[in-house]
Amino acid sequence: MSLYHLTHLKELEAESIFVIREVAAQFERPVLLFSGGKDSIVLVHLARKAFYPANLPFPLLHIDTGHNFQETLDYRDDLVKKIHAGLIVGSVQESIDLGRVTEETGYYASRNVLQTITLLDTIEKNKFDAAMGGARRDEEKARAKERFFSHRDEFGQWDPKNQRPELWNLFNGKKKMGEHFRIFPISNWTEMDVWQYILMEKIEMPSIYFTHEREVFNRDGVWLANAPFMKLKPTETVEKRTVRCRTIGDITCTGLSLSTADTIEDIIGEIAATRVTERGSRADDKRSDAAMEDRKKEGYF
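Residues numbered from 1 in each chain as written. Predicted model: local features only at pLDDT ≥ 70, side-chain atom pairs only at ≥ 80, totals over all residues. Heavy atoms only, no water.

**Focus: the overall build of the chain**
Counting its regular elements, the chain contains 8 helices and 10 strands. A total of 301 residues make up the chain; the buried ones form 53% of that total. Within the chain, residue pairs in contact and separated by at least 24 positions form 73% of the contacts whose partners lie at least 6 positions apart. Counting every atom, the chain has about 14,400 Å² of accessible surface; 51% of that belongs to carbon and sulfur. (Helix = DSSP H or I, 4+ residues; strand = E, 2+ residues; numbered from the N terminus. Buried < 20%, exposed > 50% of the residue type's maximum accessible area, 1.4 Å probe, protein only. Contact = heavy atoms within 4.5 Å. Areas by Shrake-Rupley, 256 points an atom, 1.4 Å probe, with all protein chains shown as cover.)

In structure tokens:
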């Protein structure tokens with residue numbers, strides 16, 4: 001890795017650590033949203049650096065759809081034990097059982113959208129006033145509109161036209177009772193930055209990011225993992241393929257990439273050569289042109 005890349009990554013690291021420390025300084029009950037994906041893993045790593053040698057001064061929050069990859073859950077549990085962090089799990093299945101949300105049916109059914117209510121209920125239950133997430137502006141056009149400190153109203157909703165200016169790294173965390181903020185410390189990072197930082201810092205990653213053999217089927221040009229709750233069309237067949245995850249979410253909407261990349265260096269090489277965006281294989285983003293923005297306005301990550 002060149003000196004330029006090392007300097008660039010160190011600058012991004014310093015900016016993110018500054019934002020994380022600002023959260024701890026300005027808010028009473030912050031939490032770190034943890035999905036088990038690469039971005040939230042990097043965010044935890046940065047938070048540990050921000051407060052080292054002390055433990056994290058806030059817990060991790062995972063919204064469990066009940067349809068997660070087992071590799072993700074295993075990694076989450078191992079990490080929490082390793083770093084002695086608190087963990088809160090919000091259950092989408094519990095939200096369904098309580099009648100808070102209605103499970104989708106049909107071939108394209110997914111619990112991904114249902115996470116919003118579970119997240120908002122968990123934030124309200126625990127009185128969190130700031131929730132840090134690993135979203136980046138380069139991921140998707142709706143996320144490009146986010147500030148570092150993104151205000152949410154008393155209903156947990158986001159108004160992209162009513163966000164506060166951020167000048168000279170001055171962040172305004174003032175809020176009314178019942179409101180909260182979503183904080184995005186790695187907003188200025190790219191997918192390539194994330195993987196180069198993982199390489200530089202030697203961060204351990206879930207096995208699902210590397211090439212492995214898995215039962216999959218192709219739907220609308222996207223390879224999806226086979227699972228008991230996945231309903232196949234008559235024309236769809238399950239086959240074994242060598243794949244890896246580029247981005248991790250609910251199994252029902254996480255597209256898999258055909259790949260032989262079994263090292264972080266290989267992954268970086270793939271990203272440098274690809275013409276497909278990181279979320280290009282996410283089925284949930286294909287529901288409409290404004291799918292992500294609509295969900296974010298309702299309180300999604």
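Okay, back to it.
**Here we look at the pattern of salt bridges**
According to the stated counting rule, one finds 16 salt bridges in the structure shown. Of the charged contacts, one joins aspartate 77 and arginine 76 as a salt bridge, the two residues approaching to 3.0 Å between their closest N and O atoms. With a relative accessible area of 31%, aspartate 77 lands in the partly exposed category. For arginine 76, a relative accessible area of 10% translates into the label buried. A salt bridge links arginine 241 to glutamate 239; the nearest nitrogen and oxygen atoms lie 2.9 Å apart. Judged by relative accessible area, glutamate 239 falls into the partly exposed class, the value being 30%. Several salt bridges share partner residues, and in doing so they unite Lys10, Glu13, Lys49 and Glu201 into one network. (Salt bridge = Lys/Arg side-chain N within 4 Å of Asp/Glu carboxyl O.)

**Digging into helix H3 (residues 70–83)**
Since one α-helical turn is 3.6 residues long, residues separated by three or four positions face the same way. With 14 residues, H3 should reach 20 Å at 1.5 Å per residue; the first-to-last C-alpha distance of 20 Å fits that figure. Residues Thr72, Leu73, Tyr75, Arg76, Leu79, Val80 and Ile83 constitute the buried set of H3. Each buried residue of H3 sits inside an arc of 160° when the element is viewed along its axis, so together they form one side. H3 presents Asp78, Lys81 and Lys82 as exposed residues on the side facing more than 90 degrees away from its buried surface. In this structure, the buried side of H3 is in contact with helix H2 (38–51), strand S2 (60–64) and strand S3 (87–91). A positive backbone phi angle near 60° is found at histidine 84, which sits one or two residues after H3. (Expected span 1.5 Å × (residues − 1). Arc of directions from axis to C-beta.)

**Some remarks on the packing of aromatic side chains**
On inspection of all chains with the given rule, the structure shows 9 aromatic pairs. Geometrically, the ring pair formed by phenylalanine 27 and phenylalanine 149 is tilted, given 5.7 Å between the ring centres and 45° between the ring planes. You can see phenylalanine 27 sitting in the loop between helix H1 (3–26) and strand S1 (30–33) and its partner phenylalanine 149 sitting in strand S5 (residues 149–152), a full 122 residues away along the chain. Classification of phenylalanine 27 as buried rests on a relative accessible area of 6%. Judged by centre distance (5.1 Å) and plane angle (85°), the ring pair of tryptophan 189 and tyrosine 197 falls under edge-to-face. The rings of Phe18, Phe27, Phe148, Phe149, Phe171 and Phe181 are connected pair by pair, giving a single aromatic cluster. Its end group placed over the ring of tyrosine 108, arginine 219 keeps NZ or CZ at 5.2 Å from the ring centre. (Phe/Tyr/Trp six-rings, centres within 6.5 Å; stacked < 30°, edge-to-face > 60°. Lys NZ or Arg CZ within 6 Å of the ring centre and 35° of its normal.)

**Quick look at the pairing of S1**
A two-sided burial pattern is seen for S1, the buried positions comprising Pro30 and Leu32 on one face and Val31 and Leu33 on the other. Strand direction decides the pairing type here: S1 and strand S4 (residues 130–132), joined by 3 bridges, are parallel. Bridged to proline 30 within S4 is alanine 130. Where S1 lies against S2, 2 bridges are found, and the strand directions are parallel. Bridging from a neighbouring strand, leucine 33 pairs with leucine 61 of S2. For the crossover that starts at S1, traverses H2 and ends in the parallel S2, the hand is right-handed. (Pairing = 2+ DSSP bridges. Right-handed = clockwise from strand over helix to strand, strands pointing away.)

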